[in-house]
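Structural overview
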Amino acid sequence: MSLYTDYLTEIETRKDQGLHPKPIDDGALVGALIAQIKDTGNEYRADSLQHFIYNTLPGTTSAAVVKAAFLKDIILGTETVAEITPDFAFELLSHMKGGPSIAVLLDVALGDDAALAGQAAEVLKTQVFLYEADMDRLSEAHAAGNAVATDILDSYAKAEFFTKLPDIDEEIKVVTYIAAEGDISTDLLSPGAEAHSRADRELHGKCMITPEAQGEIVALQEANPGARVMLIAEKGTMGVGSSRMSGVNNVALWTGKQASPYVPFVNIAPVVAGTNGISPIFLTTVGVTGGIGIDLKNWVKKVDADGNTVLDDNGDPVLEQAYSVETGKVLTINTKDKKLYDADGTELVDISSSLTPQKVEFIKAGGSYAVVFGKKLQTFAAEALGQDLKSAYAPSKEVSIEGQGLTAVEKIFNRNARGATPGKTLHAGSDVRVQVNVVGSQDTTGPMTAQELEAMAATVISPSLDVGYQSGCHTASVWDLKAQANIPKLMAFMNSFGLITARDPKDKYHAMTDVIHKVLNDITVDDWDIIIGGDSHTRMSKGVAFGADSGTVALALATGEASMPIPESVKVTFKGQMADHMDFRDVVHATQAQMLAQHGDNVFQGRVIEVHIGTLLADQAFTFTDWTAEMKAKASVCISNDETLIGSLELAKSRIQIMIDKGMDNEAQLLAGLIAKADKRIAEIRSGEKPALTPDANAKYFAEVVVDLDQIVEPMIADPDVNNIDVSKRYTHDTIRPISYYKAEKHVDLGFVGSCMVHKGDMKIVAQMLKNLEKATGKVEFKAPLVVAAPTYNIIDELKEEGDWEVLEKYSGFEFDDAAPKTNARTEYENILYLERPGCNLCMGNQEKAAKGDTVLATSTRLFQGRVVGDAPDKKGESLLASTPVVVLSAILGRTPTLEEYKTAVEGIDLTKFAPPKEIPGTARSVHF
């Protein structure tokens with residue numbers, strides 16, 4: 001009774017928050033519900049029935065296990081519940097998505113009662129979330145002559161679970177809602193500061209945009225009952241920034257439709273749009289929910305009589321409105337002719353890219369997972385029956401161009417392709433299933449990934465994966481009550497599932513909070529690998545890595561595969577010489593600025609950046625690949641020289657060995673396997689059997705960008721431009737300014753050196769600058785706080801060995817202590833140096849933040865509104881992004897420096913250097929590792 005009374009107490013607490021009872025995932029609580037249901041005189045019986053039927057989570061949760069077992073008893077007649085007939089029990093099982101429900105249905109279907117077996121078979125024919133153990137039971141029963149098993153397999157071979165679904169509506173009415181002008185970050189839809197609540201979908205839904213916006217959406221729904229609300233990024237791209245399933249979940253919660261009447265707060269089929277389309281990662285997540293993402297193209301560049309683009313006073317293209325999508329307009333999506341129409345039937349724009357055959361299948365099936373599992377199930381059934389596969393799905397698009405070479409990413413996809421036509425070379429635009437080698441789950445989306453794994457009935461990591469890693473970095477800063485409640489549970493689940501976990505549930509090794517991207521960069525040990533990670537900055541400098549939503553991460557963990565089109569590539573090469581006083585971060589910023597100057601448009605958006613940067617080791621090269629998320633690229637591929645790649649792999653081996661020495665390897669010895677794989681790759685390179693990955697000379701690129709290093713003469717700053725009169729141009733990463741623009745007058749309230757954009761060399765730069773300034777002035781005084789967070793403990797250990805950490809400690813007013821981590825987020829900062837725990841810190845924005853209205857200069861990646869710093873009533877918060885030396889000097893000065901002040905401060909300091917591969921042989925290595 002105590003479990004249920006505790007639940008009642010929680011219900012009352014949530015009621016005060018305007019929330020419904022939390023969905024149940026605890027099998028013990030479901031057991032208590034069942035006991036009260038069986039007791040016909042129990043005062044809580046009616047409510048217990050409601051919770052059992054409508055409020056118990058499906059999949060492989062312990063709640064689902066207990067629920068499925070009781071439904072089986074009802075079907076077999078060993079239990080009787082007036083309100084749950086055997087027929088209704090079958091229906092409830094059909095909505096439980098796999099795992100224990102499939103086991104129960106197979107038990108009945110393969111049992112002795114012919115009538116019940118037939119009923120169970122009909123339900124099974126609608127299910128797709130079957131795993132190897134389930135398939136083995138069916139194939140063995142078929143081989144033994146079981147007619148019911150054969151009948152089920154025959155249905156699966158025809159993919160009736162898909163073909164018998166209703167076709168999607170030919171016309172879908174939508175009513176427009178402009179959520180914001182300019183790029184819409186996923187932070188607007190699912191704020192980082194609310195990351196702790198993502199697994200509680202109803203609670204998390206309260207944070208989408210604003211309460212006022214939520215009210216406006218509800219009002220639109222009430223005024224237009226036959227239309228779905230379409231969320232729009234006016235004059236911008238929808239869903240830039242982090243890869244958040246929670247963002248799509250929130251949009252679906254407010255504007256979509258319920259996936260099942262028996263599963264609360266799981267909605268699907270949102271419709272989202274943007275003037276410049278949808279961010280690639282976000283679009284994938286929309287597909288997970290069977291939604292529609294539309295490229296509106298409702299603002300176009302103005303041209304003069306000669307066809308030239310008209311520019312404004314700032315040199316930016318002038319935009320003209322092609323058609324209006326102002327809030328409240330009712331439009332029609334025609335899924336047959338694939339066009340968007342106005343209320344009067346006027347064609348507005350072709351949306352065929354939103355309704356490809358594959359995306360239509362996602363919509364029909366209620367999401368991409370069902371299609372992925374459906375294809376696997378149909379293939380299995382055809383093989384079990386000895387039949388040729390007659391796929392019920394649209395054929396995968398295979399683009400093969402005779403005589404055309406392959407880009408680096410095309411080579412990787414061809415090497416890892418599954419199910420493609422044997423011997424066929426595939427080029428960009430092909431739809432491919434690919435084997436995934438490395439999967440990373442991060443700690444603020446991890447609880448959702450765990451939920452997705454339970455929902456799709458997965459119980460163990462795919463054996464085809466080299467490794468899976470669960471991080472602890474996004475919750476590293478503050479070990480508050482929310483983290484204490486969420487993270488141990490997450491680590492226990494992922495450890496049991498088969499991942500290497502940052503924190504050990506058994507407390508056998510020190511709790512690691514290393515930044516996930518840095519760890520993934522180390523544990524990727526083959527330049528031909530494919531990596532999937534639960535974060536937009538999964539952008540490794542070896543292989544090709546794709547940031548993904550929590551659901552795609554779950555799918556990759558469960559199946560070892562991912563499905564996507566082979567992206568187009570943009571080639572980036574370099575010429576000239578890097579000035580002595582410049583840092584490589586400035587090269588990264590200059591790449592974006594020079595690309596825009598060369599092409600006018602962002603040619604990186606939605607494509608893979610193939611960067612020829614082969615003389616930099618993996619740590620420094622990652623600074624470039626990491627930034628490609630902000631360039632709106634889908635991914636990036638680093639072209640490395642042989643010797644440099646060997647150096648990167650040797651470094652990776654040493655860091656993996658440290659993880660092993662700390663006790664982080666698991667029973668399957670995945671980490672030891674990575675070292676063996678790295679050794680094999682090194683041997684291939686040294687023998688000449690398989691040199692470092694390079695594109696073919698006759699590969700075709702969407703565009704090429706040549707970065708002139710000679711043009712980079714002063715530090716560069718990415719500016720959110722918060723006061724730009726054109727709202728759509730605020731908070732983009734496209735405003736790159738030289739330091740002289742600020743005339744040494746830009747006040748800086750706080751500096752931040754940390755997160756995934758820095759490496760060991762950056763930490764050494766901080767120490768060297770402090771030593772230089774001490775020598776020149778006798779002491780160092782900060783006129784603004786400087787927060788420093790190393791990416792990993794390994795880096796701190798190396799800095800301690802080399803004497804740099806001692807310098808940082810000398811000037812720090814705060815140093816993290818893992819034995820007594822902070823339990824409350826810092827709200828006020830003194831003008832001192834803070835040495836924070838390795839992890840994301842300010843960049844994530846979910847725990848630590850600058851004071852509202854502050855101007856922050858940071859080495860991180862995020863400049864979106866409200867992420868690092870919120871707005872004050874009288875001043876907008878600003879998050880400007882720059883190199884480590886600029887940030888450190890600005891914190892000391894309390895303002896941006898002059899170029900001469902900067903040059904003086906960095907004189908003699910070993911900044912992160914880079915030269916084009918053609919100018920320095922491959923044997924050259926930087927000290928920054």
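What comes next is a walk through the structure. Every chain's residues receive numbers from 1 upward, in the order its sequence appears when written. Under the rules for a predicted model, residues below a pLDDT of 70 receive no local features and side-chain atom pairs below 80 are neither given nor counted, while totals for whole chains, interfaces and linings still include all residues. The side-chain quantities take in all heavy atoms of the structure and omit both hydrogens and water.

Let's talk about the sheet that holds strand β14 (residues 417-418)
- For two strands to be treated as a pair, DSSP must find at least two bridges joining them. Note on conventions: DSSP H or I runs of at least 4 residues are helices, E runs of at least 2 residues are strands, and numbering of each starts at the N terminus. An order of β14-β15-β21 is seen for the three strands of this open sheet, with the pairing classed as antiparallel. Since the sheet does not close on itself, it has two edges, and those belong to β14 and β21 (561-565), each with one partner.
- Relative to strand β15 (residues 431-435), β14 is paired through two bridges, and the arrangement is antiparallel. The residue of β15 that forms the bridge with A417 is V434.

A closer look at the pattern of salt bridges
- We define a salt bridge as a contact between a side-chain nitrogen of Lys or Arg and a carboxyl oxygen of Asp or Glu at a distance within 4 Å. Under the defined criterion, the tally for this structure stands at 56 salt bridges.
- Here R14 makes a salt bridge to D200, at a shortest N to O gap of 2.7 Å. Here R14 is found in helix α1 (residues 2-16), whereas its partner D200 is found in the loop between α11 (186-189) and α12 (201-205), with 186 residues between them in sequence. In this structure, R14 and D200 share a single accessibility class: buried.
- Notably, a salt bridge pairs E132 with K376, separated by 3.2 Å at the nearest N-O pair. Taken together, the residues E132 in helix α8 (residues 132-143) and K376 in helix α17 (residues 368-385) connect sequence positions 244 residues apart. Type-normalised accessible area, obtained with a 1.4 Å probe on protein chains alone, sets the label of each residue: buried when under 20%, exposed when over 50%, and partly exposed for intermediate values.

Observations concerning the environment of I333
- Looking at where I333 falls in the secondary structure, it is placed in strand β11 (residues 330-334).
- Through-space distance from the C-alpha of I333 to that of E170 is 8.1 Å; in sequence the pair is 163 residues apart.
- Contacts are residue-level and defined by heavy atoms, with any inter-residue pair within 4.5 Å sufficient. Excluding residues that lie within four positions of it along the chain, I333 makes contacts with E170, E171, I172, V174, V271, I292, I294, K339, L340, I351 and L355.

Describing α17
- What a helix is expected to span follows from its residue count: subtract one and scale by 1.5 Å. Helix length check: α17 (18 residues) gives 26 Å between terminal C-alpha atoms against 26 Å at 1.5 Å per residue, within 8%.
- Taken together, the buried positions of α17 are S368, Y369, A370, V371, F373, G374, L377, Q378, F380, A381 and A382.
- Taken from the residues just after α17, G386 is the one with a positive phi, measuring 70 degrees.

Considerations on the pairing of β15
- The buried count for β15 comes to four of five residues, which makes it a mostly enclosed element.
- Alignment of β15 against β21, held across five bridges, turns out to be antiparallel. Paired with Q435 across the bridge in β21 is E561.

Things to note about the sheet that holds strand β16 (residues 438-441)
- The parallel open sheet is built from five strands, whose spatial order is β18-β17-β16-β19-β20. At either margin of the open sheet sits one strand with a lone partner, and together these are β18 (500-501) and β20 (544-547).

Observations regarding the environment of Q127
- Its place among the elements puts Q127 in the loop between α7 (114-124) and α8.
- Discounting chain neighbours no more than four positions away, the residues touching Q127 are L93, S94, K97, I102, Y156, F161 and L377.
- Of the polar contacts made by the side chain of Q127, one reaches the backbone oxygen of S94; its length is 3.1 Å.
- Whenever two N or O atoms come within 3.5 Å, that pair is a polar contact, provided that in protein one can donate a hydrogen and the other can accept it, and provided that, for residues adjacent in sequence, both atoms are side-chain atoms. For Q127, the side chain forms a polar contact with the side chain of T126, separated by 3.0 Å.

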